[in-house]
Amino acid sequence: MLPRKHRLVRTRDFQTAVRSGRRAGTRRVVVHAYVPPSSVDPALVGLSVSRAVGNSVVRHRVSRQLRHLMSAQIERVPPGSLVMVRANPAAAGADSADLGRDLDKALRRVLSESRGGQL
């Protein structure tokens, strides 16, 4: 489970991550990340799993998988960052290992771009 202090909940923060941040995607997920120059605040992570992914059972399963996977990755995210993970329809048929590989790949790409190629 993603700790409460790391949850992205404010609409303004979602908008900042999407509009001002960098984006990297794979077949199953797209990761938007805004990394501030410096901050002491904890990194915040939000999820977006639309109806295009599937019915509510499928969407909730994908959300649980992504939350679990992001809780394991949160230490890699720079302090103060705003990260928004959007599930694509292909995420519905993916198992946790495939989803984890795609999330790791997209997160690595977006964070290395945000840090000027350093990760």
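Overview of the structure. (Residues numbered from 1 in each chain as written. Predicted model: local features only at pLDDT ≥ 70, side-chain atom pairs only at ≥ 80, totals over all residues. Heavy atoms only, no water.)

1. Quick notes on the sheet that holds strand β4 (residues 82-87)
Strands sit in the order β1-β2-β4-β3 across an open sheet of 4 strands; the sheet is mixed. The sheet is open, and its two edges are formed by β1 (22-25) and β3 (44-48), each paired on a single side. Averaged over neighbouring strand pairs, the angle between their axes works out to 15° when direction is ignored. Across 6 bridges, strand β2 (residues 29-34) lies against β4 in antiparallel orientation. Paired with valine 31 across the two strands is valine 85, which belongs to β4. (Pairing = 2+ DSSP bridges. Helix = DSSP H or I, 4+ residues; strand = E, 2+ residues; numbered from the N terminus. Axes fitted to C-alpha atoms, helices over the stretch in contact; angles between N-to-C directions.)

2. Quick notes on the pattern of salt bridges
What the rule picks out here adds up to 5 salt bridges. Of the charged contacts in the structure, one is a salt bridge between aspartate 13 and arginine 10, with a shortest N-O distance of 3.3 Å. Judged by relative accessible area, which is 44%, arginine 10 ranks as partly exposed. We note a salt bridge from arginine 101 to aspartate 98, for which the minimum N-O separation is 2.2 Å. With a gap of 3 residues between them, arginine 101 and aspartate 98 both fall in helix α3 (residues 96-114), about one helical turn apart. Each of Arg76, Asp104 and Arg108 takes part in a single network of salt bridges with overlapping partners. (Salt bridge = Lys/Arg side-chain N within 4 Å of Asp/Glu carboxyl O. Buried < 20%, exposed > 50% of the residue type's maximum accessible area, 1.4 Å probe, protein only.)

3. Concerning the side chain of arginine 59
Examined against the element boundaries, arginine 59 turns out to sit in helix α2 (residues 56-73). In this structure arginine 59 is buried but unpaired, with aspartate 102 as the nearest side chain of opposite charge at 19 Å. Residues in contact with arginine 59, not counting those within four places in the same chain, are Val49, Ser50, Arg51, Val53 and Gly54. (Lys, Arg positive; Asp, Glu negative; His and termini not counted. Contact = heavy atoms within 4.5 Å.)

4. Some thoughts on the environment of leucine 103
Summarising the element assignment, leucine 103 is placed in helix α3. When the C-alpha positions of leucine 103 and serine 39 are compared, they lie 24 Å apart, and in sequence the two are 64 residues distant.

5. What about the pairing of β1?
Successive residues of a regular strand alternate their side chains across the two faces of the sheet. Pairing between β1 and β2: 4 bridges, direction antiparallel. If you follow arginine 23 over to β2, its bridge partner there is histidine 32.

6. Examining α2
In this model, α2 (18 residues) spans 25 Å end to end at C-alpha, consistent with the 26 Å of a helix rising 1.5 Å per residue. Of the positions making up α2, those classed as buried are Arg59, Val62, Ser63, Gln65, Leu66, Leu69, Met70 and Gln73. Taken end-on, α2 shows its buried residues confined to a sector of 165°, consistent with a single buried face. Of the exposed residues in α2, the ones pointing more than 90 degrees away from its buried face are Val57, His68 and Ala72. (Expected span 1.5 Å × (residues − 1). Arc of directions from axis to C-beta.)

7. Concerning the nonpolar core
One finds Val31, Leu66, Val83 and Val85 to be the most contacted residues of the largest nonpolar core, which totals 27 residues. For this core, the secondary-structure elements that each account for two or more residues are β2, α2, β4 and α3. With 6 residues, α3 is the largest single contributor of residues to this core. Non-local contacts of leucine 66, meaning those with residues more than four positions away in its chain, are made with Val29, Leu47, Val49, Val85, Ala87, Leu99 and Leu103. Among the nonpolar cores identified, the runner-up in size contains 5 residues, and Leu8, Ala17, Leu82 and Met84 belong to it. (Core = buried A, V, L, I, M, F, W, Y, C linked by side-chain atoms within 4.5 Å.)

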